[in-house]
Amino acid sequence: AQSVTQPDIHITVSEGASLELRCNYSYGATPYLFWYVQSPGQGLQLLLKYFSGDTLVQGIKGFEAEFKRSQSSFNLRKPSVHWSDAAEYFCAVGAQGGNTPLVFGKGTRLSVIA
Amino acid sequence: GAVVSQHPSWVICKSGTSVKIECRSLDFQATTMFWYRQFPKQSLMLMATSNEGSKATYEQGVEKDKFLINHASLTLSTLTVTSAHPEDSSFYICSAPPGGRLIEAFFGQGTRLTVV
């Protein structure tokens, strides 16, 4: 069965500092991997996704993530955090082949301080 | 890109009443739609899978008689919370993979349900 682990429940960073949110997945084959962001009371916004090819994927808002098969990880990074990045971040895994739902991690809440 | 429209975005209802939430795929056909529930400060948990023209499949622990799902067409799935109770208050969100293939999962805007 697929599973996603986001080890950090809450992270606080200073504005302008770099950010890395961790995500580890468990899946028997090559997964589809996603990062979503959710602001309070809002829906999900896709930041980036990995299906195949280049293991370093670029997303919106200056985010990037690197797929490391050997570590079963898909960590999200941003070189310089802005106050507007404060939100909840979810890593998700999906199976190739379609018609299967995504499995989400428990999320990491990001707080940004001045 | 593909758009999934969910309505209403928020609703308040009295205990014992029923609430219907609609999920529409606006520019593609969705043979499958997924319904998730998110409690405050928690992750999204799959409730059920809606299949066009057939019965929905529910995850363990989800009451099918309470959460009625109908997928009558290739562009519309509905979730009806029947005899709502305060503990049903949650954020409900639908998702559809275009054409039944998980190239990307498109999510509705979500519905905030508050039962008073």
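Everything here concerns the structure above.
1. Focus: the sheet that holds strand 8 (residues 76–81) of chain B
All names here are of chain B. Taken in spatial order, the four strands make up an open sheet running 1-3-8-7, and their pairing is antiparallel. Two strands lie at the open edges of the sheet, namely strand 1 (4–7) and strand 7 (67–73), each paired on one side alone. Sheet twist, expressed as the average angle between the axes of neighbouring strands with direction ignored, equals 15°. Where strand 3 (residues 19–25) and strand 8 come together, six bridges link them in antiparallel fashion. Bridge pairing links Ile21 to Leu79 in strand 8.

2. Some details on the pattern of salt bridges
Counted by the stated rule, this structure contains six salt bridges over all chains. Across the salt bridge formed by A:Glu66 and A:Arg77, the nearest N and O atoms sit 3.3 Å from each other. Here the residue A:Glu66 occupies a position in strand 8 (residues 64–68), and A:Arg77 occupies one in strand 9 (residues 73–78), the gap between them amounting to eleven residues. On the accessibility criterion, A:Glu66 (23% relative accessible area) is partly exposed. As a salt-bridge pair, B:Asp88 and B:Lys66 come within 2.8 Å of each other at their nearest N and O atoms. Residue B:Asp88 is found in the loop between strand 8 and strand 9 (90–96), and its partner B:Lys66 is found in the loop between strand 6 (57–58) and strand 7; the two are separated by 22 residues along the sequence.

3. Considerations on the side chain of A:Ser73
Assignment of secondary structure puts A:Ser73 in strand 9. The residues contacting A:Ser73, other than those within four sequence positions of it, are A:Cys23, A:Asn24, A:Tyr25, A:Glu66, A:Phe67 and A:Lys68.

4. Thoughts on the state of the cysteines
Residue and element names in this part refer to chain A. Scanning the entire structure with this criterion turns up two disulfides over all chains. Cys23 shares a disulfide with Cys91; S-S distance 1.9 Å. Its S-S torsion of approximately -65° makes the covalent link between Cys23 and Cys91 left-handed. Of this pair, Cys23 sits in the loop between strand 3 (19–21) and strand 4 (24–26) while Cys91 sits in strand 10 (residues 87–94), placing them 68 residues apart in sequence. In this structure Cys23 comes out as buried when scored by relative accessible area, which is 0%.

Conventions used here
- Residues numbered from 1 in each chain as written.
- Chains lettered and ligands numbered in written order.
- Predicted model: local features only at pLDDT ≥ 70, side-chain atom pairs only at ≥ 80, totals over all residues.
- Heavy atoms only, no water.
- Pairing = 2+ DSSP bridges.
- Helix = DSSP H or I, 4+ residues; strand = E, 2+ residues; numbered from the N terminus.
- Axes fitted to C-alpha atoms, helices over the stretch in contact; angles between N-to-C directions.
- Salt bridge = Lys/Arg side-chain N within 4 Å of Asp/Glu carboxyl O.
- Buried < 20%, exposed > 50% of the residue type's maximum accessible area, 1.4 Å probe, protein only.
- Contact = heavy atoms within 4.5 Å.
- Disulfide = S-S within 2.5 Å.

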